[in-house]
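Tertiary structure, described
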Amino acid sequence: MYKLDPPPLLFESSRRGRFTACFPSSDVPGRALDDLIPAAYRAETPPPLPELSELDVVRHYTNLSASNMSIDTNFYPLGSCTMKYNPKRNERLASSPGLGAQHPYQAENTLQGLLAVLFELQQFLAEIAGLHAVSLQPAAGAQGELASLLVAAAYFRDRGEKRTKVLIPDSAHGTNPASAHLAGFEAVTIRSNAAGLVDLEDFRSKLDDQTAVFMITNPNTVGLFDPQIGTLARLLHERGALLYLDGANMNAILGAVRPGDMGADLMHYNPHKTFSGPHGGGGPGAGPIAVRDFLAPYLPAPLVARNEDGSFFLDHARPKSIGRVRSFFGNTGVLFRAYCYIRSQGPDGLKQVSEHAVLNANYLLALVRHVYPVPLGTRCMHEFVASARGMAREKGIRAMDIAKRLLDHNIHAPTVYFPLIVPEALMIEPTETESRDTLEAFAATLLKIAQEDPAQLHEAPHSTPISRPDEVKAARTPVLRWKDAGRSAEGVAS
Ligand SMILES: *Cc1c(COP(=O)(O)O)cnc(C)c1O
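Residues numbered from 1 in each chain as written. Predicted model: local features only at pLDDT ≥ 70, side-chain atom pairs only at ≥ 80, totals over all residues. Heavy atoms only, no water.

Assigned secondary structure in the protein chain consists of 20 helices and 12 strands. Along the longest, intermediate and shortest principal axes, the C-alpha atoms of the protein chain span 75 × 70 × 40 Å. Here the protein chain, with 494 residues, has 47% of them falling under the buried criterion. Residue pairs in contact within the protein chain that sit at least 24 positions apart in sequence constitute 70% of those at least 6 positions apart. Each charge class in the protein chain can be summarised by its mean position, and for the 48 positive and 52 negative side chains these summaries are 1 Å apart. (Helix = DSSP H or I, 4+ residues; strand = E, 2+ residues; numbered from the N terminus. Buried < 20%, exposed > 50% of the residue type's maximum accessible area, 1.4 Å probe, protein only. Contact = heavy atoms within 4.5 Å. Lys, Arg positive; Asp, Glu negative; His and termini not counted. Charge placed at Lys NZ, Arg CZ, Asp CG, Glu CD.)

Shown next, in the form of structure tokens:
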């Protein structure tokens, strides 16, 4: 599996007695170790830490950091993830001492600047959503889904209604049914129709008095806006059920249409997607949720609120709240970057963001669809899903081969094999921050790959340290102890 020699682990480069820092000898009188830590609490042998020089460590981590792809180094058309440029202005502001050096246990009157920012962000997110109240607490989109469903459950409990089901389209992100299950609901799948939208007949047949919530991503994961949304909302509300909007695709509709106006009662945002927070490698993210007024009492507590004298406080006095879902104020660093982004774009700028995101995706779609057919829809919103099924049948070139080969061209792979309703899916989202040149170069690369020798493609990538790790094994049986990993390719891939 290795194409190049794997870099040595720090433990392997270790040399007895090598060190990084030279301290002057201490002028504080020494004390016996036993006086400080009783022998019973001490290990018998020192921990097996690597011993290295400073330069060894600097090179090791610098090289590791450069062997990954990132937005700052590579085009990253990872569908659904909205991998847009992370403005450096936001990074500078987020790391300013005024924010970064605060401690969450500080007294509220010394945190007024931070609370003011969070309060305003709650208001901005409510406005963009067309909804009434916002909690910034959830730490990711998925946790926002869970928190929202707990809010819905608390609402129905309060009304003395027992509703057990959450309806979810088959094109949904996997976190939707997972959240429904975690929140104690039964997840019921709604089929997509031949156009890639909610199958209204299937929806009608499954909507009943047991239905608590319908979770929809709109535009959906196929990159299509579902124009039936008004009808769906009406049917749900007639039955007393709630409409949830998965806001992962807000980058397509900012300033154009608001979830509240579509009839949504509650939703989550992914600020690390829509509002340019850096993400990848598992976090951190944030997942603020917005709800209609009648659901506000159930939001996680505390919310950031304003006193009559204009000062800000954390409002814990919310008796119907589902309680905390995250420590302190949520992931402040991510939220602050979102705040900077929203403030620097302004309302018109946010609208342009979405217009350009949609324009870029459609331009790319037009450049590649004659070779990479897009089965659902003639145009798209901010992303589209091509299918390599034809190529797989005719030449044995699969979506995975294309994704892997792109790495040789220093392009991050699109999302593959999702959504599940498109066979051999390649889900491509360029975002608004890419130039026309980048889009054209990417399209040319995709077209070239389609002409390459299938046997060679099965071996791609050829230029990365690791070629094709067993991803399932890596996820299911991770090897986290360096000793156990040995130097087997499998172990390191894990
Ligand atoms: C990313 C995404 C989620 C989950 O959000 P996280 O912030 O990754 O937890 C949910 N739904 C859709 C459609 C997504 O793209």
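Still to come is the rest of the account.
Scanning the entire structure with this criterion turns up 11 aromatic pairs. Consider the rings of Phe-75 and Phe-442, whose centres lie 5.0 Å apart with planes at 75°: the pair is edge-to-face. Pair noted here: Phe-75 is in the loop between α3 (54–66) and α4 (88–94) and Phe-442 is in helix α16 (residues 436–450), with a separation of 367 residues, a long-range link. Three or more aromatic residues joined by ring pairs form one cluster here, namely Tyr-155, Phe-156, Phe-294 and Tyr-298. (Phe/Tyr/Trp six-rings, centres within 6.5 Å; stacked < 30°, edge-to-face > 60°.)

A separate point is the pairing of strand β9 (residues 312–315). Regular strands place side chains that alternate from one sheet face to the opposite one. Two strands pair when backbone bridges link them, and strand β8 (residues 303–306) and β9 are joined in this way by four bridges, in the antiparallel orientation. Its bridge partner lying in β9, Val-304 is registered against Leu-314. Connecting β8 to the next strand, β9, in antiparallel fashion are five residues, including Gly-310 with a positive phi near 95°. (Pairing = 2+ DSSP bridges.)

Once that is clear, we can look at the confidence of the model for the protein chain. On average, residues of the protein chain score 93 in pLDDT, and 96% of them reach the 70 mark or higher. In the predicted structure, residues 487–494 sits below a pLDDT of 50 and forms 22 contacts with residues beyond four places in sequence or in another chain. (pLDDT = per-residue confidence, 0-100.)

Quick look at unusual backbone geometry now. The omega torsion of the bond from Phe-418 to Pro-419 falls at -5°, within 30 degrees of zero and hence cis. Checked against the element boundaries, Pro-419 lands in the loop between β11 (415–416) and β12 (425–428). Of note, the bond from Ala-460 into Pro-461 is cis; its omega dihedral lies within 30 degrees of zero at 0°. With respect to the secondary-structure elements, Pro-461 resides in the loop between α17 (454–459) and α18 (471–476). Its identity is not glycine, yet Ser-80 carries a phi of approximately 80°, on the positive side. Within the secondary structure layout, Ser-80 lies in the loop between α3 and α4. The backbone of Thr-431 sits at a positive phi, close to 70°, despite the residue not being glycine. Tracing the backbone through its elements, the reader meets Thr-431 in the loop between β12 and α16. On the basis of relative accessible area, Thr-431 is assigned to the buried category, the value being 1%.

What follows concerns the sheet that holds strand β1 (residues 133–135). Pairing is mixed across the open sheet formed by seven strands, whose spatial order is β1-β7-β6-β5-β4-β2-β3. In this open sheet, the two edge strands, each paired with only one partner strand, are β1 and β3 (186–190). Adjacent strand axes in the sheet meet at a mean angle of 20° when their direction is disregarded. The pairing of strand β5 (residues 242–246) with strand β6 (residues 266–268) spans three bridges and is classified as parallel. Looking across to β6, one finds that Asp-246 is bridged to His-268. Where helix α7 (residues 141–158) meets the sheet, its contacts fall on β2 (165–169), β4 (211–217), β5, β6 and β7 (289–291), and the angle it forms with β5 comes to roughly 170°. (Axes fitted to C-alpha atoms, helices over the stretch in contact; angles between N-to-C directions.)

It is worth spelling out the nonpolar core at this point. Of all hydrophobic cores here, the largest spans 59 residues; its most connected members are Phe-203, Phe-214 and Phe-275. For this core, the elements supplying multiple residues, two or more each, are α6 (112–129), β3, β4, α10 (229–238), β5, β9 and α13 (332–368). Counting residues per element, this core draws most heavily on α13, at 11 residues. Here this core spans two domains, since at least three of its residues come from each of domain 1 (91–344) and domain 2 (347–476). (Core = buried A, V, L, I, M, F, W, Y, C linked by side-chain atoms within 4.5 Å. Domains from an automatic or database assignment.)

Partitioning the protein chain into domains gives domain 1 (91–344) and domain 2 (347–476). Taken together, the contact between domain 1 and domain 2 spans 26 residues of the former and 20 residues of the latter. For the pairing of domain 1 and domain 2, the buried interface totals around 1,700 Å² over both sides, and the portion due to carbon and sulfur atoms is 65%. Linking domain 1 with domain 2 are six residue pairs in polar contact (both at pLDDT 80 or more), by the criterion used here. Looking at side-chain class alone, the side of domain 1 that touches domain 2 contains 15 nonpolar, 10 polar and one charged residues. (Buried area = accessible area lost by both parts, 1.4 Å probe. Polar contact = N/O pair within 3.5 Å; in protein donor to acceptor, adjacent residues only side chain to side chain. Nonpolar A, V, L, I, M, F, W, Y, C, P; charged D, E, K, R; others polar.)

Orientation of α6 relative to α13, taken along the N-to-C sense of each, is 50°, at an axis distance of 10 Å. When the interaxial angle is binned, α6 and α13 end up oblique. α6 and α13 meet at a crossing whose hand is left-handed. For the pair α6 and α13, the contacting residues are Leu-114, Val-117, Leu-118, Glu-120, Leu-121, Phe-124, Leu-125 and Ile-128 in the first and Thr-332, Leu-335, Phe-336, Tyr-339, Ile-342, Arg-343 and Leu-350 in the second. Class assignment of the residues belonging to the contact of α6 with α13 gives a composition of 12 nonpolar, one polar and two charged. (Parallel < 35°, antiparallel > 145°, perpendicular 65-115°, else oblique. Left-handed = near helix turned anticlockwise from the far one by under 90°.)

Here we come to the sheet that holds β11. Read from one edge to the other, the open sheet built from three strands follows the order β10-β12-β11, with strand pairing classed as antiparallel. The sheet is open, and its two edges are formed by β10 (384–387) and β11, each paired on a single side. The sheet contact formed by β11 and β12 spans two bridges and is antiparallel. Bridging across to β12, Val-416 finds its partner in Leu-426.

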